[in-house]
Amino acid sequence: MDDLEQVILAYVKREYIEDGDDREVTATTPLISGGIVDSFSMVSLKRFLERKYEIQIPDADATTAAFDSVKSIAALVGRFREIHA
Amino acid sequence: MAYGTSVREHYQKDLEGIRDAGLFKEERYIHSVQAAEICVEFPAGAAPKQVINLCANNYLGLSSNPEVVEAARKGLERRGYGMSSVRFICGTQDIHRQLEKRLTAFLGTEDTLLFPSCMDANAGVFEALLTDKDVLIADRLVHASIVDGMRLSKAMQDTFKHSDLGHLEEKLQEHQDKRFRMVVTDGVFSMDGDIAKLDGIVALAEKYDAMVCVDDSHATGFIGKTGRGTHEHCGVVGKIDVITTTLGKAMGGASGGCVSGRKELVELCRQRARPYLFSNTVAPVIVAGALKVMELLCASTDLRDKLEWNASYWRKLLAEAGFDIKAGESPIVPVMLYNAKLAQDVARDLFAEGIYVVGFFFPVVAKGQARIRTQLSAAHEKQHLDRAIEAFKKVGKKYDILGKGKNELIQQYGL
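None of these values were measured; they are calculated from a predicted model.

1. Describing the overall build of chain A
Okay, step 1: On a plain count of helices and strands, chain A comes out with 3 helices and 0 strands.
Okay, step 2: Going from N to C terminus, chain A has its helices and strands arranged as α-α-α.
Okay, step 3: In terms of overall dimensions, chain A is globule-like: its C-alpha atoms have a radius of gyration of 12 Å, near the 12 Å expected for 85 residues.
Okay, step 4: When the backbone C-alpha atoms are referred to their principal axes, chain A occupies close to 40 × 25 × 20 Å.
Okay, step 5: Burial analysis of chain A (85 residues in total) assigns 20% to the buried set.
Okay, step 6: For chain A, the proportion of contacts with a sequence separation of at least 24, taken over those separated by at least 6, is 59%.

Here it is as structure tokens:
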């Protein structure tokens, strides 16, 4: 797991995993289709990524598929970091 | 575009997808008034069957209360059937304003505005009050109508973990750069039946200069010592800036909702909230019935006291029988089964035993949190609950789920 994935995974665990929830979350765990993150609470994740990496992710790209795992999110962030570089 | 074959097939596939996912909803036709016992035709075409109703929001049993029905009948005669106008043109009668004043006094707020439903109140309130300079911070388990209402507003949206005041505080700190902050929560959460920690939320809102909005639809009329709602239960009457609630549950159960709270905020809704501006309001017959409901609730706490006793008794019966229930104080008592198919099977078998309940599963509740949601009513008598628990025990034995906790149930049936 690279640094980017580790940062995103740490945020996902802190932001979305309730106390007492012992589900293991890895870089490939389905987040939205797995019921861990819903589209309503996904907004804070998108904002975290935009602030942390100084990027803008258009709503058209912030799809549930793109946000469905730490790995896919990291790929999305990587793409926009290149665009904004 | 004509409704051609390809368009029709597209929608047919959508419907098939819903069926294949096990999410297809079917109505059950009730051949009686709403009550503790109802006559239900299910499946469609079957002979109607008498069942004990444990899934209505008829918390105070007022849906077919004779005094409410009579008041509605008189209202129909005196103020007619419809208004054929939105409120601000020629759709406001004296009784609409009377009801708003009665609700204001009952809820302990400054003013109230009626909406066609609480769904409409939630759809209109945030857009009317907040702009892109502001932020809405909602509990993650708020009702779908709040989610939709927040999306219609231009304010930034954020969420905090369910009833987690530490997480809410982090979010309030994070958003100190916004012009206004509004914390949004349900009073009683409809799926779990737990009560929001409004005292803690108000304390944080005062500390971090935020407004508080509570949807008290599953509380108005019965939560709190005199039934004023969650704010009474938590000792923060007068400190909630916006309350949205419904007349469609405990308060007679017909339809209608409202925004109640600070007078400037309510007045802005009167000026700007689109569901209020562009839709007829509550029909006169319902307003007349609701005024009688207010009169009954202000005169006595007997109904909410009976509901409280029923809820406590039902929780005790379920726990003694060995069901895994969510702890709480409200008349919403979820029986946890975790597995979606098991929840559907148990609900079906209970119906065969004369008990009407519904299984809830993802996406209505979180994955792995399938349950039967039971709801009590002041219309229930002890004998209804005694009969219901016998059916629950019988079905519980069939599926070998009695006396088992979360881990054992998941081990037995999977998620």
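So that's the structure; there's more coming.
2. Observations regarding the overall build of chain B
Okay, step 1: Of regular secondary structure, chain B possesses 16 helices and 14 strands.
Okay, step 2: The principal-axis extent of the C-alpha atoms belonging to chain B is close to 60 × 55 × 55 Å.
Okay, step 3: Here chain B holds 415 residues, and the buried ones make up 50% of them.
Okay, step 4: Excluding contacts between residues fewer than 6 apart, the proportion of contacts in chain B whose partners are at least 24 apart in sequence is 71%.

3. Looking at the confidence of the model for chain B
Okay, step 1: Summing up the model confidence of chain B, the mean pLDDT is 97 and the portion of residues at 70 or higher is 100%.
Okay, step 2: The ipTM, which scores confidence in the relative placement of chains, is 0.84 for this predicted complex, and the corresponding pTM is 0.94.

4. Focus on the interface of chain B and chain A
Okay, step 1: Contacts between the two partners involve 10 residues from chain B and, on the opposite side, 7 residues from chain A.
Okay, step 2: For the side of chain B that touches chain A, the element with the most residues is strand E6 (residues 156–160) of chain B, which contributes 3 residues.
Okay, step 3: The residue inventory of the side of chain B that touches chain A, partitioned by class, reads 3 nonpolar, 3 polar and 4 charged.

5. Concerning the domain arrangement of chain B
Residue and element names in this part refer to chain B.
Okay, step 1: Per the domain assignment, the segments of chain B are domain 1 (33–63 + 302–413) and domain 2 (66–299).
Okay, step 2: Here the C-alpha centre of domain 2 lies 28 Å away from the C-alpha centre of domain 1.
Okay, step 3: Broken down by secondary-structure element, the contributors of at least two residues to the side of domain 1 that touches domain 2 are helix H13 (302–321) and strand E11 (332–338).
Okay, step 4: A per-element tally of the side of domain 1 that touches domain 2 places E11 first, with 3 residues.

6. Comments concerning the nonpolar core
Residue and element names in this part refer to chain B.
Okay, step 1: Of all hydrophobic cores here, the largest spans 124 residues; its most connected members are Leu136, Val212 and Ala343.
Okay, step 2: No other element matches the 10 residues that helix H12 (residues 284–299) contributes to this core.
Okay, step 3: Each of domain 1 (33–63 + 302–413) and domain 2 (66–299) gives at least three residues to this core.
Okay, step 4: In this structure, Val212 is in contact with Val183, Ile201, Val202, Ala205, Ile240 and Asp241, ignoring residues within four places of it in sequence.

7. With respect to the sheet that holds strand E3 (residues 49–53) of chain B
Residues and elements named next belong to chain B.
Okay, step 1: Reading across from one edge, E1-E2-E3-E12 is the order of the 4 strands in this open sheet, with mixed pairing throughout. Each edge of the sheet is formed by a strand with only one pairing partner; in this case those strands are strand E1 (29–30) and strand E12 (355–356).
Okay, step 2: Across 2 bridges, E1 lies against strand E2 (residues 37–41) in antiparallel orientation. Bridge pairing in E2 places Ile30 opposite Val40.

8. Remarks on the pairing of strand E10 (residues 257–261) of chain B
All names here are of chain B.
Okay, step 1: The element E10 is largely enclosed, with a buried count of 5 among its 5 residues.
Okay, step 2: The alternating pattern of E10 places Gly257, Val259 and Gly261 and Cys258 and Ser260 on opposite faces, both of which are buried.
Okay, step 3: Looking at chain direction, strand E4 (residues 111–115) and E10 are connected through 5 bridges and run antiparallel. Bridge pairing in E10 places Leu114 opposite Cys258.
Okay, step 4: Pairing between strand E9 (residues 242–246) and E10: 5 bridges, direction antiparallel. Residue pairing for E10: Val242 is matched across the bridge by Gly261.

9. Notes on the sheet that holds E11(B)
Residues and elements named next belong to chain B.
Okay, step 1: Strands sit in the order E11-E14-E13 across an open sheet of 3 strands; the sheet is antiparallel. Among the strands making up the open sheet, the edge pair consists of E11 and strand E13 (358–360). Recorded for the sheet is a direction-independent mean angle of 30° between the axes of neighbouring strands.
Okay, step 2: Two strands pair when backbone bridges link them, and E13 and strand E14 (residues 370–375) are joined in this way by 3 bridges, in the antiparallel orientation. The residue of E14 that forms the bridge with Val358 is Arg373.
Okay, step 3: Docked against the sheet, helix H14 (residues 340–352) engages E11, E13 and E14, running at close to 35° with respect to E14.

10. Description of the environment of Asp21(A)
All names here are of chain A.
Okay, step 1: Along the chain, Asp21 turns up in the loop between helix H1 (3–16) and helix H2 (42–53).
Okay, step 2: Classification of Asp21 by C-beta neighbours within 10 Å gives exposed; the count is 11.
Okay, step 3: Considered as a pair, Asp21 and Gly34 are 13 residues apart in the sequence and their alpha carbons are 14 Å apart.

11. Structural notes on the pairing of E11(B)
Residues and elements named next belong to chain B.
Okay, step 1: Counted residue by residue, E11 has 6 buried out of 7 residues, so it is predominantly covered.
Okay, step 2: Sheet topology note: the E11/E14 ladder contains 6 bridges and is antiparallel. Directly across from Met336, in E14, lies its bridge partner Arg371.

12. Concerning helix H7 (residues 165–174) of chain B
All names here are of chain B.
Okay, step 1: Listing the buried residues of H7 in full gives His167, Leu168, Lys171 and Leu172. For H7, the angular spread of buried residues about the axis comes to 140°, placing them on one side. Of the residues in H7, the exposed ones pointing more than 90 degrees away from the buried face are Gly166 and Gln173.
Okay, step 2: Close packing links the buried residues of H7 with strand E5 (135–139), E6, strand E7 (181–186) and helix H8 (198–207).

13. Things to note about the packing of H1(A) against helix H3 (residues 70–84) of chain A
Geometrically, a packed helix pair is captured by the angle between its two axes and the distance between the axes.
All names here are of chain A.
Okay, step 1: Between H1 and H3, the shortest axis-to-axis distance is 9 Å and the interhelical angle comes to 125°. Relative to H3, the element H1 lies oblique. Remark: the crossing between H1 and H3 carries right-handed chirality. Of H3, the residues touching H1 (which contributes Leu4, Glu5, Ile8, Leu9 and Val12) are Val70, Lys71, Ile73, Ala74, Val77 and Gly78.
Okay, step 2: Residue composition of the contact of H1 with H3, grouped by class: 8 nonpolar, 1 polar and 2 charged.

Conventions adopted
- Residues numbered from 1 in each chain as written.
- Chains lettered and ligands numbered in written order.
- Predicted model: local features only at pLDDT ≥ 70, side-chain atom pairs only at ≥ 80, totals over all residues.
- Helix = DSSP H or I, 4+ residues; strand = E, 2+ residues; numbered from the N terminus.
- Rg over C-alpha atoms; globule rule 2.2 N^0.38 Å.
- Buried ≥ 20, exposed ≤ 12 C-beta atoms within 10 Å, placed from the backbone.
- Contact = placed C-beta atoms within 7 Å.
- pLDDT = per-residue confidence, 0-100.
- Nonpolar A, V, L, I, M, F, W, Y, C, P; charged D, E, K, R; others polar.
- Domains from an automatic or database assignment.
- Core = buried A, V, L, I, M, F, W, Y, C linked by C-beta atoms within 7 Å.
- Pairing = 2+ DSSP bridges.
- Axes fitted to C-alpha atoms, helices over the stretch in contact; angles between N-to-C directions.
- Arc of directions from axis to C-beta.
- Parallel < 35°, antiparallel > 145°, perpendicular 65-115°, else oblique.
- Left-handed = near helix turned anticlockwise from the far one by under 90°.

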